[in-house]
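Residue-level listing of the chains:
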Amino acid sequence: MAESPDWTSCLIRIRDDRDETAFVALFRHFAPRVKAFLMRSGADAALAEEVAQEVMATVWHKAAQFDPARASVATWIFTIARNRKIDALRKQARPEPEDLPWGPEPDPDQADAVGLQQEMDHLGQALAELPDKQRELIEKAYFGELTHREIADATGLPLGTIKSRIRLALDRLRHAMDGRAR
Amino acid sequence: MTKITHHLTEDLLMGYSAGTLPEAVNLIVATHISLCDACRASLDAYDAVGGVLLERHSHEVSEACLAGALDMIRKGETSATPAPRRGCDLVPAPLADYVGKGLSDVKWRPVGMGVKQAILETSPEATARLLYIPAGTAVPDHSHNGLELTLVLQGAFEDAEGRFARGDIEIADDDLEHMPVADISQDCICLAVTDAPLRFKGLLPRLAQPFLKI
Ligand SMILES: [Zn+2]
């Protein structure tokens, strides 16, 4: 695939038209990614696949709550997968912030969604361009494979160094985004 | 609403986004974000990083998995957009799930000098409690192991780190020795979370003690 498909309009077809073909396309792309995310967080393959299935069904059922002006499809699915992970792997409730006084706009500004998707592309690019070591640290911290302390133990680096590296990597990501946002 | 001046750290925001924090810490983070648009925006940025990372790796799923998902979407009820979750009576929605509808429902237990607390039920790696500090009262200097997070719900307190009012969160680590004093004008109610480092896991009775050693 030369260009990344437009997952936002795919999800909007699911949301507004209950389009099963769109769901299958979304599933084929995201279910393997959710499964990989779960496995990196410590689930075995069978559990990871079961959770991926539930996450994708949740995407269908909660599609009305998707707000393309606030989150990309990948981000939205990430938050659903993360919450299911906490529930399935750690058997814990996940307190979520209360809703903003204003909900998703019924007719969101197309420009917002496009702008957001561009930011996501820049962020993805910035992440790909990071030195391997920094990118790996961010991934490890994010997927909960290792705590900061465990990363320090594994690499022999002091804890403060690890934290500042992660922060530096995120700063670089942010900077890359700011520089291209305009 | 007064302006919030004490915010979450990047570590807490990232940990909350990644889903690697204990339940009690998630609770205080979610409660602060409910009151703070700045931290909500930062969280959105961290979630976006999660979305980008999600795209980077994949692991093949079976056709049976897709068939099962199609089965689930055809059978399941499609939830209408639920009513927005809102808090009430000074208690933001995520906290209301733990304390009931309002502060009047809280079952306070005295810990001395008019200070009261109520422990909330969460997973054991960290403890969440509500603290009630009468106006003008100084909470005696107390020691804690690990992290202590304090979020003001009502009133205000002041210590060496500054003044903390509704929505402000104080983040204290091992080293900080502090003696918070509640404002004279109003009783102060806070949500406080202490983490218990895993190395103390074997000392349950000690962890069960109120950290207010009065
Ligand atoms: Zn804040």
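Student: Tell me what's going on with the domain arrangement of chain A, and back it up with residues and numbers.
Tutor: Often, the extent of an interface is quoted as the loss of accessible area upon association of its parts. Residue and element names in this part refer to chain A. Under the domain assignment, chain A is made up of domain 1 (1-109) and domain 2 (130-182). Counting residues at the interface gives five residues for domain 1 and four residues for domain 2. Taken together, the connections running from domain 1 to domain 2 amount to one salt bridge. When the shortest N-O distance is used, the salt bridge between R40 and E139 registers 3.2 Å. The interface formed by domain 1 and domain 2 contains one residue pair in polar contact (both at pLDDT 80 or more). Secondary-structure elements contributing two or more residues to the side of domain 1 that touches domain 2 are α2 (20-40) and α4 (73-90). Considered class by class, the residues forming the side of domain 1 that touches domain 2 number two nonpolar, one polar and two charged.

Student: Tell me about the coordination of the zinc ion, and please be specific about residues and values.
Tutor: Angles between donor atoms at a metal ideally measure 109.5 degrees for a four-coordinate tetrahedral arrangement and either 90 or 180 degrees for a six-coordinate octahedral one. All names here are of chain B. Only H7 (ND1), H32 (NE2), C36 (SG) and C39 (SG) from the protein coordinate the zinc ion, and they sit 2.1 to 2.3 Å from it. Around the zinc ion sit four donor atoms; with metal-centred angles ranging over 96 to 125°, the donor geometry is tetrahedral. All donors to the zinc ion come from one chain, and their sequence spacing reads H-x24-H-x3-C-x2-C. Each member of the pair, H32 as well as C39, carries the same accessibility label: buried.

Student: Tell me what's going on with the interface of chain B and chain A, and back it up with residues and numbers.
Tutor: The interface is formed by 63 residues belonging to chain B together with 65 residues belonging to chain A. Here chain B packs against chain A, burying approximately 5800 Å² in sum over the two surfaces, 58% of which is carbon and sulfur. The interface formed by chain B and chain A holds six salt bridges in total. The partner of B:R56 in a salt bridge is A:E139, and the shortest N-O contact between them spans 3.1 Å.

Student: I'd like a rundown of the packing of aromatic side chains, residues and numbers included.
Tutor: Residue and element names in this part refer to chain B. Tallying each qualifying case throughout the model produces seven aromatic pairs over all chains. With centroids separated by 5.4 Å and ring planes inclined at 70°, the aromatic side chains of W108 and Y132 adopt a geometry described as edge-to-face. With a gap of 24 residues between them, W108 in the loop between α5 (93-99) and β1 (109-112) and Y132 in strand β3 (residues 126-133) connect regions that are remote in the sequence. Seen from their ring centres, F157 and F164 are 5.1 Å apart, and the 20° between their planes marks the pair as stacked. Classification of F157 by relative accessible area gives buried; the value is 2%.

Thresholds applied
Residues numbered from 1 in each chain as written. Chains lettered and ligands numbered in written order. Predicted model: local features only at pLDDT ≥ 70, side-chain atom pairs only at ≥ 80, totals over all residues. Heavy atoms only, no water. Domains from an automatic or database assignment. Contact = heavy atoms within 4.5 Å. Salt bridge = Lys/Arg side-chain N within 4 Å of Asp/Glu carboxyl O. Polar contact = N/O pair within 3.5 Å; in protein donor to acceptor, adjacent residues only side chain to side chain. Helix = DSSP H or I, 4+ residues; strand = E, 2+ residues; numbered from the N terminus. Nonpolar A, V, L, I, M, F, W, Y, C, P; charged D, E, K, R; others polar. Donors = N, O, S within 2.8 Å, 3.2 Å for Na, K, Ca; no water. Tetrahedral: all angles 85-135°; square planar, octahedral: opposite > 155°, others 65-115°. Buried < 20%, exposed > 50% of the residue type's maximum accessible area, 1.4 Å probe, protein only. Buried area = accessible area lost by both parts, 1.4 Å probe. Phe/Tyr/Trp six-rings, centres within 6.5 Å; stacked < 30°, edge-to-face > 60°.

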